[in-house]
Amino acid sequence: MLTRRLQRQGMKVETATDGRQALEFVRNRPFDVVLLDVLMPELDGFSVLQQMKADPQTRHIPVIMISALDEVDSVIRCIEAGAEDYLPKPFNPILLRARISACLEKKTLRDAEQRHLRTIEETQRRLTEELAEAANYVCSIFPPPTESPLRIDWKYQPSTELGGDAFGYHWIDPEHFAVYLLDVCGHGVGAPLLSVTAINVIRSGALPKTDFRDPGAVLSALNNAFPMEKQNNMYFTMWYGVYHAPSRTLRHASGGHPPALLLTPSPNGAAATKQLRSPGLIVGAMEDVAYASQSFHVPPGAQLLVLCDGCYEIRDPLGQVMEFDEFEKFMQAGGAQPDGLEKLFNWVRERHGDGPLDDDFSIVRIQF
């Protein structure tokens, strides 16, 4: 009688003759709602319900218990175990339709929610893969460490999947060696796009009428090539240096960037330090800014550290921010050691505490 009534309402009905067959049905066929009798052979309704709710494949199927008036206590037990509702015998047609319709509506909403969740998960997976691919590309543009004619190594760790820092170094000609590091404001996808573009422009020499041996001229040309109003209001800071090997002269210029740090060996073990600082506006703030170059003689055995502010502007768990002087003292004591950059990164991580760093960490070390 129940089957015929449901079929007249336009529903497709399958009937199980006992509890075990009911479990077999719901595990192998898609159902939108189950009407479950309390008393059944093989397995009673409560046992079937328990197994359905314990199985991830069937736990979300709505279950309506069917009961006689003297089975109310068993129904309550089933409701507590996860049943959606119950229908008393004999069946009231209006009540039957209303309760099944309510369960079907919940099932429809849940199915839509699950489809939406799967779409989100798939989109997130795809985005994660694309971000990883983009991060690999950013790292691929960094030149490898070298041993000769200059010993160069570096440490890079973005604060998010994609960082806004980028750096490079190359020989302009047999006598002039360029090293540069820039830091784009903000995070997200836009920052690495700008940083990679700027680095590729420098590396390829794609700045017309620019002498890349003149740091000030390079920054002036970059400033006009990347105005922030045409870069989604993004700008970058930069330190650019050119080492003339025959004279051991290092010319450098900066656009709103932290100073580079020169470490010179000393007899007492701790290195002497020199901040290679030069004033200059952030790159892209306004057109036709003239950046001045400064020169410094590099003694034999000295090491140059070109870095971003993420190497020292570290906020500890108490909210205190480290200053450049504290970073300088740390590097003076151990920055010249072979594992000095790794020790610096571990020190920064320890100072920061748990969680990702607030900013990208990038530093290049060159031994002359």
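A. Up close: the packing of helix H3 (residues 45–54) against helix H4 (residues 72–81). Interhelical geometry of H3 versus H4 gives an angle of 5° and a closest axis separation of 10 Å. The angle between H3 and H4 falls in the class roughly parallel. In contact with Phe46, Leu49 and Lys53 of H3, H4 contributes Arg77, Cys78 and Ala81. The class makeup of the residues in the contact of H3 with H4 is four nonpolar, no polar and two charged.

B. Summary view of the packing of aromatic side chains. Scanning the model with the defined rule gives 15 aromatic pairs in all. Aromatic pair Phe142 and Trp154: ring centres 5.7 Å apart, planes at 75°, arrangement edge-to-face. With Phe142 in the loop between helix H5 (93–140) and strand S4 (151–157) and Trp154 in strand S4, this pair connects stretches of sequence that are twelve residues apart. Classification of Trp154 by relative accessible area gives partly exposed; the value is 25%.

C. Spatial organisation of the sheet that holds strand S3 (residues 85–88). One open sheet holds the three strands; their spatial order is S1-S2-S3, and the pairing between them is parallel. With partners counted over all chains shown, the strands left at the sheet margins are strand S1 (34–37) and S3, one partner each. Adjacent strand axes in the sheet meet at a mean angle of 30° when their direction is disregarded. In the sheet, S1 pairs with strand S2 (residues 63–67) via four bridges, with the strands oriented parallel. Looking across to S2, one finds that Leu36 is bridged to Met65.

D. Just the sheet that holds strand S13 (residues 361–367), in detail. Strand order in this open sheet of five strands is S4-S13-S12-S9-S10, and the pairing throughout is antiparallel. For this open sheet the edge positions go to S4 and strand S10 (272–276), each flanked by a neighbour on one side alone. Each neighbouring strand pair of the sheet contributes to a mean axis angle of 15°, computed without reference to strand direction. Strand direction decides the pairing type here: strand S12 (residues 303–307) and S13, joined by five bridges, are antiparallel. Each bridged residue has a counterpart across the sheet, and for Leu304 the counterpart in S13 is Ile366. Running at roughly 155° to S13, helix H9 (residues 340–352) makes contact with S4, S12 and S13 of the sheet.

Definitions and cut-offs
Residues numbered from 1 in each chain as written. Predicted model: local features only at pLDDT ≥ 70, side-chain atom pairs only at ≥ 80, totals over all residues. Heavy atoms only, no water. Axes fitted to C-alpha atoms, helices over the stretch in contact; angles between N-to-C directions. Helix = DSSP H or I, 4+ residues; strand = E, 2+ residues; numbered from the N terminus. Parallel < 35°, antiparallel > 145°, perpendicular 65-115°, else oblique. Contact = heavy atoms within 4.5 Å. Nonpolar A, V, L, I, M, F, W, Y, C, P; charged D, E, K, R; others polar. Phe/Tyr/Trp six-rings, centres within 6.5 Å; stacked < 30°, edge-to-face > 60°. Buried < 20%, exposed > 50% of the residue type's maximum accessible area, 1.4 Å probe, protein only. Pairing = 2+ DSSP bridges.

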